[in-house]
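Understanding the architecture of this molecule
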Amino acid sequence: MIRIQNIYHMLAYAFQVLREQGYRDVATEEFANTAELCAAILAHGVSLQLKRGLGREYVDRTDTLSTLRGKIEVSESVKTRSVLRRQMVCSYDEFSVDTTMNRILKATMVLLVRSDIDKARKKELKRLLVYFGDVNDIDLATVDWHMRFDRNNQTYRMLMNVCWLVAKGLLQTQADGTSRLMDFLDEQSMSRLYEKFILEYYRREHPELNAGAPYIAWVLDGGFDDMLPAMHTDITLTCGDTVLIIDAKYYSHTTQQQFDKRSVHSGNLYQIFTYVKNKEAELARTGVPHEVSGMLLYARTDEDMQPDSVYQMSGNQISVRTLGLDMPFESIKAQLDGIAETHFAKERQ
């Protein structure tokens, strides 16, 4: 089981804005469930955004107006007989706060207000909703979460991700068709956060390592590569001639079972082995000395048997480890630091 406070720390690494002044109070609070945590982050974030001003953009409008504006829609005006009322149907652009992102913020806050969170938190969200009077409603189930961020809306990036977590990771439909918020994020949402957290942790805490999530090219004997899947790593750490490829896995079970025998998830092992061998072959072509290793890093579960092994496979080291998320965050940091120190000990000498 993961501690609620650790989810905040993971979010803080994934989205650096949570480490800024305005969110420091959240870091010291205790939360009964993840919905409470998301509500607190959203309340602080929206308050800060209101001080800057809600984001605006040009929105298409079509209204029946007494004063001409924009483009006159002649056919619609005739159809509705608005001219008899000395009005015309006009389409125009309006610089408005009624944007998709503001609609998502409003809908998420409304959802949290209706959920089982602290009364004081609900009151805080209701106070903020007053400022969204000119923002229309939106169905979170229909939202396209693939959004573009630029310097004008960059402050919304973390807020949209929290809204996504609430909409996708905390919602659960009950038998009677109503919805409630779960105490914890679902496996898919936690998997996404878990990967991003580990990557951003190494970027921030270990600047001596080049941390990224690059694609690995297939090393082929011929040029034909049609229909081959892309090899996109979760975390790749590089220092000097040493490379460690980490595949972060957040599952309800860290091992698979067949005929009363437990083993590492076969698909995971095949995947990390393929990544390592293709990266090895790619570097071999450069003629530069190198050492490539791979690691499956599972989030530890409550199961009695947890994988913790190191294998030597065709000249490369493949390890399988677990990361305990149910302990103080300093212990989590120590585990991640230990991985870096062990695999890059040669480079530190």
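Residues numbered from 1 in each chain as written. Predicted model: local features only at pLDDT ≥ 70, side-chain atom pairs only at ≥ 80, totals over all residues. Heavy atoms only, no water.

What to know about the nonpolar core
- Among the nonpolar cores identified, the biggest contains 79 residues, and Ile-41, Tyr-194, Ile-198 and Tyr-202 are the most heavily contacted of them.
- With residues up to four places along the chain from it excluded, the contact list for Tyr-202 reads Pro-207, Ala-211, Ile-235, Leu-237, Ile-246, Leu-336, Ile-339 and Ala-340.
- In this structure, Met-231, Ile-245, Val-264 and Ile-272 belong to the second largest nonpolar core, which totals 14 residues. (Core = buried A, V, L, I, M, F, W, Y, C linked by side-chain atoms within 4.5 Å. Buried < 20%, exposed > 50% of the residue type's maximum accessible area, 1.4 Å probe, protein only. Contact = heavy atoms within 4.5 Å.)

A look at the sheet that holds strand E15 (residues 316–323)
- What the six strands build is an open sheet, ordered E6-E9-E10-E13-E15-E14; its pairing is mixed. Sheet topology places strand E6 (210–212) and strand E14 (309–313) at the edges, where each strand pairs with a single neighbour. When strand polarity is set aside, the average angle formed by the axes of neighbouring strands in this sheet is 20°.
- The strands that helix H9 (residues 266–284) touches are strand E10 (242–249), strand E13 (291–299), E14 and E15; relative to E13, the one it contacts most, it runs at about 155°. (Pairing = 2+ DSSP bridges. Helix = DSSP H or I, 4+ residues; strand = E, 2+ residues; numbered from the N terminus. Axes fitted to C-alpha atoms, helices over the stretch in contact; angles between N-to-C directions.)

A look at the side chain of Lys-249
- Relative to the helices and strands, Lys-249 is located in strand E10.
- For Lys-249, the side chain forms a polar contact with the side chain of Asp-247, separated by 3.4 Å.
- Reaching out from Lys-249, the side chain makes a polar contact with the side chain of Gln-271 at a distance of 3.3 Å. (Polar contact = N/O pair within 3.5 Å; in protein donor to acceptor, adjacent residues only side chain to side chain.)

Concerning the environment of Ala-39
- Position of Ala-39 among the secondary structure elements: in helix H3 (residues 34–52).
- Looking at Ala-39, the relative accessible area reads 0%, which means it is buried.
- Along the sequence, Ala-39 and Ile-117 sit 78 residues apart, while their C-alpha atoms lie 8.2 Å from each other.
- Once residues lying within four places of it in the same chain are set aside, the contact partners of Ala-39 are Leu-112, Ile-117, Arg-121 and Leu-125.

With respect to the packing of helix H1 (residues 4–14) against H3
- One way to put it is that H1 packs onto H3 with a least axis distance of 9 Å and a crossing angle of 40°. Taken together, the axes of H1 and H3 are oblique relative to one another. In the crossing of H1 with H3, the sense of the turn from one axis to the other is right-handed. The segment H1 lies against H3, with Ile-4, Ile-7, Tyr-8 and Leu-11 engaging Thr-34, Leu-37 and Ile-41.
- Its residues assigned to classes, the contact of H1 with H3 comprises six nonpolar, one polar and no charged. (Parallel < 35°, antiparallel > 145°, perpendicular 65-115°, else oblique. Left-handed = near helix turned anticlockwise from the far one by under 90°. Nonpolar A, V, L, I, M, F, W, Y, C, P; charged D, E, K, R; others polar.)

Some points on the packing of aromatic side chains
- Scanning all chains against the criterion turns up nine aromatic pairs.
- For the ring pair Tyr-13 and Phe-197, a centre distance of 5.9 Å and an interplane angle of 65° mean the geometry is edge-to-face. Within this pair, whereas Tyr-13 is found in helix H1, its partner Phe-197 is found in helix H8 (residues 187–205), the two being separated by 184 residues in sequence. Across the pair, Phe-197 and Tyr-13 agree in class, each one buried.
- The interplanar angle of 55° and the centroid separation of 5.2 Å between the aromatic rings of Tyr-13 and Tyr-201 together place this pair among those described as tilted. Of this pair, Tyr-13 sits in helix H1 while Tyr-201 sits in helix H8; the two residues are 188 residues apart in sequence, bridging distant segments of the chain. Of the two residues, Tyr-13 and Tyr-201, both sit in the buried class.
- Arg-192 extends its terminal NZ or CZ atom over the ring of Trp-164, reaching a point 4.0 Å from the ring centre. (Phe/Tyr/Trp six-rings, centres within 6.5 Å; stacked < 30°, edge-to-face > 60°. Lys NZ or Arg CZ within 6 Å of the ring centre and 35° of its normal.)

Comments concerning the pairing of E10
- For E10, the tally of buried residues reaches eight of eight residues, placing the bulk of the element in the interior.
- Here strand E9 (residues 235–239) runs beside E10; their pairing, made up of five bridges, is antiparallel. When the sheet's bridge partners are listed, Thr-238 is paired in E10 with Val-243.
- Taking the residues that link successive antiparallel strands as the turn, the E9-E10 hairpin has two residues, and the phi of Gly-240 there is positive, at about 60°.
- Where E10 lies against E13, eight bridges are found, and the strand directions are parallel. Looking across to E13, one finds that Leu-244 is bridged to Ser-293.

Things to note about the sheet that holds strand E2 (residues 71–72)
- Taken together, the three strands give an open sheet; going across it, the order is E1-E3-E2, and neighbouring strands pair in antiparallel fashion. Here the strands that pair on one side only, and so sit at the sheet edges, are strand E1 (57–65) and E2.
- Pairing analysis gives two bridges linking E2 to strand E3 (residues 88–96), with the strands arranged antiparallel. When the sheet's bridge partners are listed, Ile-72 is paired in E3 with Cys-90.

With respect to a nonpolar patch on the surface
- Residues Leu-68, Ile-72, Val-74 and Val-78 make up a contiguous nonpolar surface patch of roughly 360 Å² in combined accessible area.
- The class of Val-74 is exposed, set by a relative accessible area of 53%. (Patch = residues over 30% accessible without salt bridge, like charges linked within 9 Å, V, L, I, M, F, W, Y side chains within 5 Å. Areas by Shrake-Rupley, 256 points an atom, 1.4 Å probe, with all protein chains shown as cover. Salt bridge = Lys/Arg side-chain N within 4 Å of Asp/Glu carboxyl O.)

Here we look at the pairing of E14
- Two strands pair when backbone bridges link them, and E14 and E15 are joined in this way by five bridges, in the antiparallel orientation. Bridging across to E15, Ser-309 finds its partner in Val-320.
- Counting the residues in the hairpin turn of E14 and E15 gives two residues, including Ser-314, whose phi is positive at 50°.

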